[in-house]
Structures are given as structure tokens and as C-alpha cells.
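# Structural characterization, general
Given next are the chains, with one letter for each unit.
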Amino acid sequence: MIKLKILLIYPPFPSGKGMGAIICSPPLNVLTLAGAISEHTVDILDLNVDKSYGIKEMEKKLVNYDLVGITCMSPTFRIVLNICKLAKRNNVKTVLGGFHPTLDPSIIDKYDSINMIVRGEGEITFKELLDGKPKKEILGLSYRENGKVYHNPDRPYIKNLDDLPFPRNELVDPSPYQYTWMPSWVCETSRGCPFTCSFCCVHEFYKRTYRTKTPERVIKELYQVPSQTKLVFFVDDNFTLNKKRVMRICKLLKKSRLNKKLMFVCQSRVDDIANNPDMVKEMHESGFICFFLGFESLKQVSLDEMKKAYSLDKVRKCIDICHYNGIIVFGSFIIGNIGETKEDTLTNFRLMKEVEIDFMMTNPITPFPGTQLYTEAVEKGWVEEDFKWADRKVGQVKPPMATPDLTQDDIQELLMESYHSFYDMEYHLKKSIRGIFRYYPSFNWTFKHLPRFLKGAIQFVRNLDEIVGDEYKAID
Ligand code: B12
Ligand code: SF4
């Protein structure tokens, strides 16, 4: 086996303002891949952190490597393509991986600067490629050879997630990484989701499968987060899907006393929380401080339309259970749900406060490749015929599609309005004071971190107007 020199790139997202002001996430996928190919020399370039890369600097860097691997989401595709063009100009081969190339592998047919795509889970496919296995035998690989493109059959999913290598966290300087102004790290404990929400591509990427790491393995990974870490974000789409597993993780967190050193945030579903108050109590006692929940809308018809698979009465129950147990509710909403008018959207904004969500973010409805929404949007002409992710600048302001009830401009206006209406100091002050009296001492951690939160929150509110603005200009 020849030892290769590999560069793994995490492309940039608008930073310093808006979302970027509250989150700078460690590049977990490239750290995990690096773990799988540890026989080779690997460098990581996180362009969210290192902002000094213009065209010249990038070209100078690329030529030092045998191969460049780039992770790619749809919103970063244009910039990824630009890096591929620079690599091609310098005779450096590129491999793309991640959601966008997996769910639209036809990009390799369209853009000849892309040499290879690793579709689906990358660990084994990428390793086989680097270890020199003949390309035509590598499952999950799409590649170009002698001007022709080949798409090999899919690779079956890795059966036991405990077999995965540990992420090589030591390959990056941990100091810039933060979630809501706290030194943070990320950890993946499961893959996939059995639900079929129409706007979401996770169930398509994992074909509705759901696999988990054992609680023991999760604890081992937590011991490896950098020493300054205060908060760990579990990136799983559905951390709480298997209650028995969650309870065991909690037990081990307490036993190891990791809950005295670290705080935890996870993504969950409204119904999981509403149906399992005992689990939420246990999670709070084990160091969980916040749940990130995809509410998307507070209108039942919309939830049904997008196949969210729970009823609205669970929402208030879920939030009450969280607050009762001292857990912050961070809600995510979609602006432009099919069937929602401007009035419906404004009603959603009012209800967000009525049900007492603590923090929220909104995203414009987006037809990601592989989603049911994408198929419907193309069929019904909601998305422009010549729409290409390659034309769309990272962080571009204009939403990618219209709906039967809202134009792209309407969606854009409503996005801005959502932040202005929600991040109103009076609401948050009143809610906090109410919460302190109602739920003390569950909120004791709030006092500990109040100065840091206040400083960050003031910065966030000041930057509100640029929340979906800023573009990355260096390579684009
Ligand atoms: C955690 C997370 C975040 C975090 C951290 C992102 C980060 N720095 O990694 C935060 C909150 C910052 C975030 C932000 C956004 N996210 Co996000 N995020 C996720 C989430 C929940 C988990 C990602 C993860 O770490 N998984 C664990 C790693 C190990 O898996 P992985 O990334 O898939 O990588 C594996 C394979 O894909 C492959 N692979 C990946 N890259 C490469 C590269 C090479 C060379 C190779 C060989 C293989 C390979 O191998 C890896 C190991 O098997 C996913 C959903 C999901 N289930 O994956 C959404 C998801 C990836 N995010 C998504 C989106 C849209 C966004 C935002 C654009 C949202 C927004 N509107 O602001 C921003 C973009 C930010 C950016 N560019 O950094 C979409 C992407 C859809 C798409 N078609 O592109 C997803 C799928 C969510 C969804 N349901 O739609 N996100
Ligand atoms: S939105 Fe969440 S629950 Fe729905 S399919 Fe995607 S990951 Fe699963």
C-alpha cells in the first residue's frame, strides 16, 4: 500500500454574523473519515475557521497533496465546485462526499472537475479507494475514467456502528469551535431516521434505516473530546428514538461523572419528549440542557402535509415537560410550508411565543435533492426550471423557491420578520423571570452561564439584519 498525502476540506458557510455568530461546529465528518484512513497522512482545512484562503492561497495548498476530499452540502456546492476547478487546473484529483453528491450523483456527469464521488457512508469506501483497490470493485463509488463516468452499485450500510473508527479530534485546533458561545464539541451516536418528512433528505440518504452505537462506545467517545469542551452537541437526527438506550447513556454519564464536566444538547422529536417525561427528567439530571426540535410549523394541516407524524397537542406538552425539567427548547421552523399563507405564517410567529419556545431559527423552504418536496416542486413549477445549486452562492439571500401562496420575496421578508418578532427583549425577559420562579432550581445552570449568554445574545440581536446575508467571497 502506498502512503498518500490527503487534504480534507470543510467548505465555508457565512460566518461571524447571524448563525455563524452563535455556532462554529467542529467538522465531524472529515474528522471521522480521517479516523478511517489513519495509515495515510491527513490534513484538515476547515474554511469556516481559516478564512485566509483566496484563489492563490488555495492553489498553493492543493498542489501539496495526492488527493483532495471535500464534504459537500447543497448550499456549499458552488464553492466546492470552485475548489474542484482550482484542483483540476493544478492536476490534483478530487473526491466529493456528503449529502449533496450522494443524493445527486449526476453532478459528476455534468462537471468534469469532479473526479470521484463517495456516495453514502464514507469510511469503508474512502479507505478502499486510498488503499488502492481497483475502482470498479469499490461499492458506493462514482468515478470518471478515460472521459467516461461510472456509478458503481451502492454500498450496504455499516452493520455495527461500534466498528467505526474514533474521530481524530486532535487534527484540528479546538479553540474556535463553539455553540452559543460555549467551547463545544460534537458527537455522533446513531445514524438515520425511520420517519419520512417530505422536506427532509435524511431518510433518503439512510433509506429509513436507524442504527445506534452502544452506550459504552458513546461514553468512550465523550472521554476523547478536547479538554476545554464545556458543551457537547449530539448530531444525531433522533437522539431519543430508543428510550432504553437513552436511559442507559444517562446512567453511564452519571456514573462516569461526565455530567459534572460537560453539558449536552441533542436533537429530538416533539412526540418523543411529550410521551416520555421520565426520560426527560433523567436526561436533565445527566447534564442535558437543551433540545433542538424541528417544529417546522404550528399548524396541524401543515404538519400533516409534510408528514411530521404527530399532532399539535403534543407541542405544548413537550415544551412544558422540557421547562419543568430545566431544559431549553430551541425550535426550528420552515417559512413557506406548502399551503401556508402570509397570515398563517404570522400566526405561527405569534404561537411560537404563546407556547414559550426559548430560542428559534427559521429556514426558507428548500427543495433539497432526493426529497419528496423536490419532486413535487419541479412537477408543479414552484422551483425555476433552470435552478442549479452550482449557481447559488453560499448564504444567498433569495430563497430558492416560491410556493402556491408565497413568492420568493414574501418568504424572504417573512424570514426577517420571524427574527424581529421573536427576538424581542420584553418577551424573553418576562419568560425568563417567569421561568426562574416556576422552575427554580432546575434553571441553576442559567445563572452560571448568564454573563456569557447575555454578551452573545446582545451581539446576535445587533446582527439580526444580516442573519441570512453575508457571502463568502474569497474563493467564490
Ligand atoms: C450536525 C449538523 C449540522 C451542524 C454542524 C455542521 C458541521 N460542521 O458538520 C450545524 C448546526 C452547524 C449545521 C448547519 C447546517 N446544516 Co446541517 N446537519 C447536521 C446533521 C444533523 C449531522 C451532520 C453530521 O455531522 N453527521 C455525522 C457525519 C459523520 O456524517 P456525514 O456528515 O453525513 O458524513 C458521512 C458521509 O456523508 C460521508 N462524507 C461526508 N463528507 C465526505 C467527504 C468525503 C471526501 C468523503 C469521502 C465522504 C464524506 O462520509 C461521512 C462518514 O460516513 C445533518 C443531518 C445528518 N443526519 O447528517 C444536517 C444536514 C447535513 N445539514 C443540512 C443543512 C442544509 C445545513 C445548513 C445549510 C442549514 C442552514 N439553513 O443553515 C447549515 C450549513 C452549515 C455549514 N455549511 O457548515 C442538511 C444538508 C442537506 C443537503 N442536501 O445538503 C442536513 C442533511 C439536514 C437535513 N435534514 O436536511 N448542520
Ligand atoms: S425531519 Fe427529522 S424526523 Fe423528519 S425525516 Fe428528517 S430527520 Fe427524520
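Now for a description of the structure that goes with this document.

## Notes on the overall build of the protein
Scanning the protein from terminus to terminus reveals 20 helices and 17 strands. Sequence separation of at least 24 residues holds for 78% of the intrachain contacts in the protein that already meet a minimum separation of 6.

## Overview of the nonpolar core
The biggest cluster of nonpolar side chains holds 66 residues, and the ones touching the most others in it are V232, F291 and C322. The element that contributes the greatest number of residues to this core is strand β15 (residues 288-296), accounting for six residues. Ignoring any residue separated from it by four or fewer positions in sequence, one finds F291 in contact with C266, S268, I273, C322, I327, V329 and F330. Within the second largest apolar cluster, 48 residues are counted, among which are Y10, I37, L67 and W389.

## Focus: the site of ligand 1
Contacts to ligand 1 come from 35 residues, most closely from G69, T71, M73, G97 and G122. Among the secondary structure elements, those contributing two or more residues to the shell around ligand 1 are α2 (28-36), β4 (67-71), β5 (93-97), α5 (99-103) and α7 (123-130). Per-element tally for the shell around ligand 1: the top contributor is α2, with four residues. Residues of the shell around ligand 1, tallied by class, amount to 19 nonpolar, twelve polar and four charged. Shared between two domains, the shell around ligand 1 takes at least three residues from each, and those domains are domain 1 (5-151) and domain 2 (177-466).

## Quick look at the sheet that holds strand β3 (residues 41-46)
Judged by pairing direction, the sheet is mixed, and its seven strands sit side by side in the order β3-β1-β4-β5-β6-β7-β8 without closing on themselves. Single-partner strands in this sheet number two, and they are β3 and β8 (148-151). Averaged over all neighbouring strand pairs, the angle between strand axes comes to 20 degrees, with direction disregarded. Summarising the sheet, strand β1 (residues 5-10) and β3 pair through six bridges and their orientation is parallel. Within β3, the residue paired with K5 across the bridge is T41.

## Observations concerning the packing of helix α10 (residues 243-256) against helix α13 (residues 277-285)
Packing of α10 against α13 brings their axes to within 9 Å, and their N-to-C directions diverge by 25 degrees. In terms of their interaxial angle, α10 and α13 are classed as roughly parallel. The two elements α10 and α13 cross, and the hand of that crossing is left-handed. Between α10 and α13, the residues in contact are K243, V246, M247, C250 and K254 and M279, E282, M283 and E285, respectively. In terms of residue class, the contact of α10 with α13 is made up of five nonpolar, no polar and four charged.

## Here's the deal with the environment of M352
Tracing the chain through its elements places M352 in helix α16 (residues 342-354). Sequence separation between M352 and F333 is 19 residues, and the spatial gap between their C-alpha atoms is 9.6 Å.

## Thoughts on α10
Between its first and last C-alpha, α10 extends 20 Å over 14 residues, near the 20 Å set by a 1.5 Å rise per residue. Residues of α10 that are buried sit in contact with α9 (215-223), α11 (258-261) and α13. Taken from the residues just after α10, R257 is the one with a positive phi, measuring 65 degrees.

## Topic: the pairing of strand β13 (residues 231-234)
Side chains L231 and F233 of β13 all project onto a buried face; the interleaved residues V232 and F234 project onto the opposite face, where all are buried too. Alignment of strand β10 (residues 182-187) against β13, held across four bridges, turns out to be parallel. Of the residues in β13, the one forming a bridge with W185 is V232. One ladder, built from four bridges, connects β13 with strand β14 (residues 263-268); its direction is parallel. Residue L231 lies in a different strand from β14, and its bridge partner there is M263.

## What to know about the environment of C197
Within the fold, C197 resides in the loop between β11 (190-192) and α8 (202-205). C197 sits 111 residues away from K308 along the chain, and the two C-alpha atoms are 5.5 Å apart. Apart from the residues lying within four places of it in its own chain, the contact partners of C197 are M306, K307 and K308.

## Some thoughts on unusual backbone geometry
Positive phi outside glycine occurs at W181, with the angle close to 70 degrees. Assignment of secondary structure puts W181 in the loop between β9 (178-179) and β10. Despite not being glycine, A309 has its phi angle at roughly 65 degrees, a positive value. Inspection of the secondary structure assignment puts A309 in the loop between α14 (300-305) and α15 (313-324). Judged by the 13 C-beta atoms lying within 10 Å of it, A309 falls in the partly exposed class.

## Description of the packing of α16 against helix α18 (residues 408-422)
Across the interface, α16 lies against α18 with an axial gap of 10 Å and an inter-helix angle of 20 degrees. Judged by the inter-axis angle, α16 sits roughly parallel to α18. For the pair α16 and α18, the crossing hand works out as right-handed. Contacts between α16 and α18 involve K342, T345, F349, M352 and K353 on the former and, on the latter, D410, L414, S418, S421 and F422.

## A look at the sheet that holds β9
Strand order in the open sheet made by the eight strands is β2-β9-β10-β13-β14-β15-β16-β17, with mixed pairing throughout. Where the open sheet ends on each side, the last strands, each with one partner, are β2 (23-24) and β17 (359-364).

Thresholds applied
- Throughout, a residue's number is its position along its own chain's written sequence, starting from 1.
- Written order decides the labels, with chains lettered from A and ligands numbered from 1.
- Restriction of local features to residues with pLDDT of at least 70 applies here, the model being predicted, together with a cutoff of 80 or more for giving and counting side-chain atom pairs; totals for whole chains, interfaces and linings are based on all residues.
- Runs of H or I in DSSP of at least four residues are treated as helices and runs of E of at least two as strands, each being numbered from the N terminus.
- Here, residues touch in the contact sense if the C-beta positions derived from the backbone fall within 7 Å of one another.
- The term nonpolar core refers to a set of buried Ala, Val, Leu, Ile, Met, Phe, Trp, Tyr and Cys residues connected through C-beta atoms within 7 Å.
- The burial criterion counts other C-beta atoms lying within 10 Å of a residue's C-beta, which is placed from the backbone; the residue is buried at 20 or more, exposed at 12 or fewer, and partly exposed between these limits.
- By definition, a residue lies near a molecule or strand provided its backbone-derived C-beta atom is within 6 Å of it.
- Each residue is assigned to one of three groups, with Ala, Val, Leu, Ile, Met, Phe, Trp, Tyr, Cys and Pro labelled nonpolar, Asp, Glu, Lys and Arg labelled charged, and all others, Gly among them, labelled polar.
- Just so you know, the domain bounds were taken from an automatic or database domain assignment.
- The rule for pairing is simple: two strands pair if DSSP sees at least two bridges between them.
- Under this scheme, a helix contributes an axis fitted over its contacting stretch, all axes are lines through C-alpha atoms, and angles between N-to-C directions fall in the 0 to 180 degree range.
- Orientation labels follow simple angle bins: below 35 degrees gives roughly parallel, above 145 gives roughly antiparallel, 65 to 115 gives roughly perpendicular, and whatever is left gives oblique.
- Handedness of a crossing is defined here by the sense of rotation of the near helix relative to the far one, left-handed for an anticlockwise turn of less than a right angle and right-handed for a clockwise turn.
- Between the first and last residue of a helix there are one fewer steps than residues, each counted as 1.5 Å, and that sum is the expected span.

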